[in-house]
Amino acid sequence: MSQFSDPDATGPMAQGVAIFGEFVENAQGVTATVAVIGKKNEPLYLRLFDEYQTKELYFQSLVFVSLDVIDECVERKAMQQDMYLGFLCPIDEYQIYGYMTNSMIKFVVVLADVHRLQDFELRDFFQKVHAAYVEYLLNPFAPLDGDKIKSARFDAAIERHVATILERPPPAPGPGAKA
Amino acid sequence: MSASANARLGEQIWQKMPKINAEFFTLTYGAMVVQLMRDLEDVQLVNEKLEKMGHSIGCRLIDEFLAKSGINNCNEFAETADVIAKVAFKMFLGVSVEVASWNDEKTSCSLLVYDNPLTDFVELPPNINLYYSNVLCGVIRGALEMVQLRVECYFVRDTLRGDDVNEIRLELKEHIKDEMAEEYRRE
C-alpha cells in the first residue's frame, strides 16, 4: 500500500506512531495535506504543506485510512451525482475531506483542526483542484498509466489553491514553477 | 498595404473561417507529437519530421490562403512577413503575431507569437530538446516556397522551454527563379 515510502522504511504505521509523539507539540507544523488517489487506489500525488516535510509517512497513512471511509461513502451516496463527499472522519487533530470524480479519481485533503472551513469553501477548493488535475491530464506528455504526477504547473496550482483556503501567501515559486 | 490594413483584413477573414473546437485541435496535435516521439525515439528526428509535415501542409495551404484572402503579390519581403503575421496567422490560428528585429538588409526578421494555441495545456518533460510547435516553421517554409521564396524558418525562443515569448526566426535565402514558366512563354 505504501508506495510513497522507500522500501527501507520500517513500515508506515510504526513510523506514524513514532512521529505522533513529537507531533502533538508541533500541531501548527503541518496545516494541510493534499493527495490524489487513482482509480485502483494507487497514490498519484501527495503534497504536505508545512515548514519541514518530515511527516510524509504519517500523512500518507492518514490518507490511506480515509480511503476506506471513501468506499463506504460511495456506497452510501451511490445514487447521488455530487462528486464532493464532504467530511470523512477526524483523526487526531486533523479532519479529512474527500472528493471523487466519476472516473474514480479521489482527492483527499487533510486539514488541521485549527482551520475551520465552511463546506462551500472546501467544495470550491476541490473543484479547483479537480480543474487543475484535468488540465494536467490534457497535457499530451502526461502519463496515463497511474504514474505519479510530476508537473510544475500542477504543483503551482495546488500551492495557489491551498494558499487561498489557508489564507496565507503562497511560497516563493521554485525554478521552473510557473502559474 | 499598410500594417493596420493587414490586421483588419486578417480580422475580417477570421470571422468567415470555419472554426473547430480549440481543445480538440490542441489535443489532436499533442497526440500526434507524442506518437511521433514514441515512433521515432529521437527528439531531433521528431523536430525534423514535424518540420517536414508542416512543409507539406504549407504547400497546400498557400492556395487556400491566397484564394480566401485575395492578397496579391507582395513587393518586398517586409510586406510578406507582415502578411504572414497579421493575415495568415490570424486566419488559420486566430492569433495575431508581431514582426520584430529586422536585420539591416531586411531579409530576416522574427515573428513573435504571444499566444500559441498549439501549446495550451502542454508541459514538456524536463531536459528535452523538442521544438513542440516546429510544424509552424514547416508551414511557413512550404507556403513561401510555393510563391517563389526560399526561406529558412526556425524557433529561437519557446514558451514551453521557459522563455517569455515564442519567437520564430524567418530568413529569406533567395527568390526562386521561375524558369519553367519562361520556357512555356517562348513557345
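Residues numbered from 1 in each chain as written. Chains lettered and ligands numbered in written order. Predicted model: local features only at pLDDT ≥ 70, side-chain atom pairs only at ≥ 80, totals over all residues. Heavy atoms only, no water.

Per an unreviewed UniProt entry, the recorded name for chain B is Trafficking protein particle complex subunit, and the organism is Chrysophaeum taylorii. Its UniProt record, at the heading Sequence similarities (unreviewed entry), says of chain B: "Belongs to the TRAPP small subunits family. BET3 subfamily." Under Subunit (unreviewed entry), UniProt gives the following word-for-word description of chain B: "Homodimer." (UniProt positions renumbered as here; feature names shortened; annotations may be inferred.)

You'll find chain A entered in an unreviewed UniProt entry as Trafficking protein particle complex subunit 2-like protein, with Chrysophaeum taylorii given as the organism.

Novice: When you look at the overall build of chain B in this model, what are you seeing that I'm missing?
Specialist: When you go through chain B residue by residue, the secondary structure sums to 6 helices and 4 strands. Walking chain B from its N terminus toward its C terminus, one meets helices and strands in the order α-α-α-α-β-β-α-β-β-α. Counting the 187 residues in chain B, one finds 47% classified as buried. Restricting the contact set of chain B to residue pairs at least 6 apart, pairs at least 24 apart contribute 61%. For chain B, the accessible surface area stands at approximately 10500 Å², while carbon and sulfur atoms represent 50% of it. (Helix = DSSP H or I, 4+ residues; strand = E, 2+ residues; numbered from the N terminus. Buried < 20%, exposed > 50% of the residue type's maximum accessible area, 1.4 Å probe, protein only. Contact = heavy atoms within 4.5 Å. Areas by Shrake-Rupley, 256 points an atom, 1.4 Å probe, with all protein chains shown as cover.)

Novice: Can you walk me through the interface of chain A and chain B in this structure?
Specialist: Many analyses report the size of an interface as the accessible area lost when the parts associate. Listed as interface residues are 9 residues of chain A and, on the opposing side, 15 residues of chain B. Counting each side, the surface lost to burial between chain A and chain B is near 1000 Å², with a carbon and sulfur contribution of 63%. In terms of surface lost to chain B, no three residues of chain A exceed Leu138, Pro140 and Phe141 of chain A, which account for 60% of the buried area on that side. Counting every contact that joins chain A to chain B gives 0 salt bridges. Where chain A meets chain B, there are 6 residue pairs in polar contact (both at pLDDT 80 or more). When residues of the side of chain A that touches chain B are traced back to their parent elements, those giving at least two are α3 (119-138) and α4 (152-166) of chain A. Partitioning the side of chain A that touches chain B into residue classes produces 4 nonpolar, 2 polar and 3 charged. (Buried area = accessible area lost by both parts, 1.4 Å probe. Salt bridge = Lys/Arg side-chain N within 4 Å of Asp/Glu carboxyl O. Polar contact = N/O pair within 3.5 Å; in protein donor to acceptor, adjacent residues only side chain to side chain. Nonpolar A, V, L, I, M, F, W, Y, C, P; charged D, E, K, R; others polar.)

Novice: In this structure, what is going on with the sheet that holds strand β4 (residues 166-175) of chain B? I would like to understand it.
Specialist: The strands that make up a sheet pair up through hydrogen bonds in the backbone, lying either parallel or antiparallel. All names here are of chain B. Strands sit in the order β1-β2-β4-β3 across an open sheet of 4 strands; the sheet is antiparallel. With one partner strand each, in any of the chains shown, β1 (97-100) and β3 (149-157) form the two edges of the open sheet. Strand-to-strand, the axes of this sheet are offset by a mean angle of 25°, without reference to chain direction. Inspection of the sheet shows strand β2 (residues 108-113) paired to β4 by 6 bridges, in the antiparallel sense. Looking at the pairing, Val113 lines up with Asn166 of β4. Most of the contacts of helix α4 (residues 77-93) go to β1, to which it runs at about 160°, and overall it touches β1, β2, β3 and β4. (Pairing = 2+ DSSP bridges. Axes fitted to C-alpha atoms, helices over the stretch in contact; angles between N-to-C directions.)

Novice: It is not clear to me how the pattern of salt bridges should be interpreted in this structure. Could you clarify?
Specialist: Once the charged atoms of two side chains with opposite charge are near each other, the side chains can pair. Residues and elements named next belong to chain A. In the structure shown here, the tally under the stated rule is 12 salt bridges over all chains. Among the salt bridges present, the one from Glu159 reaches Arg47, with a minimum N-O distance of 2.6 Å. You can see Glu159 sitting in helix α4 and its partner Arg47 sitting in strand β2 (residues 43-50), a full 112 residues away along the chain. Judged by relative accessible area, Arg47 falls into the buried class, the value being 17%. Asp124 is the salt-bridge partner of Lys128, the closest N and O atoms lying 3.3 Å from each other. Of this pair, Lys128 and Asp124 both sit in helix α3, separated by 4 residues, roughly a single helical turn. In the salt-bridge network here, residues are joined through shared partners; they are Arg47, Asp155 and Glu159.

Novice: Please explain α4 of chain A as it appears in this structure.
Specialist: Because each turn of an α-helix spans 3.6 residues, side chains separated by three or four positions end up pointing in the same direction. Here α4 of chain A spans 21 Å end to end across 15 residues, near enough to the 21 Å set by a 1.5 Å rise per residue. All of the buried residues in α4 of chain A are Phe154, Ala156, Ala157, Ile158, Glu159, His161, Val162, Ala163, Ile165 and Leu166 of chain A. (Expected span 1.5 Å × (residues − 1).)

Novice: Please clarify how a nonpolar patch on the surface should be interpreted in this entry.
Specialist: Residue and element names in this part refer to chain B. Taken together, the side chains of Ile20, Phe24 and Phe25 make up a nonpolar region of the molecular surface, amounting to roughly 310 Å² of accessible area. Locating Phe24 in the fold gives a position in helix α2 (residues 22-40). Classification of Phe24 by relative accessible area gives exposed; the value is 54%. (Patch = residues over 30% accessible without salt bridge, like charges linked within 9 Å, V, L, I, M, F, W, Y side chains within 5 Å.)

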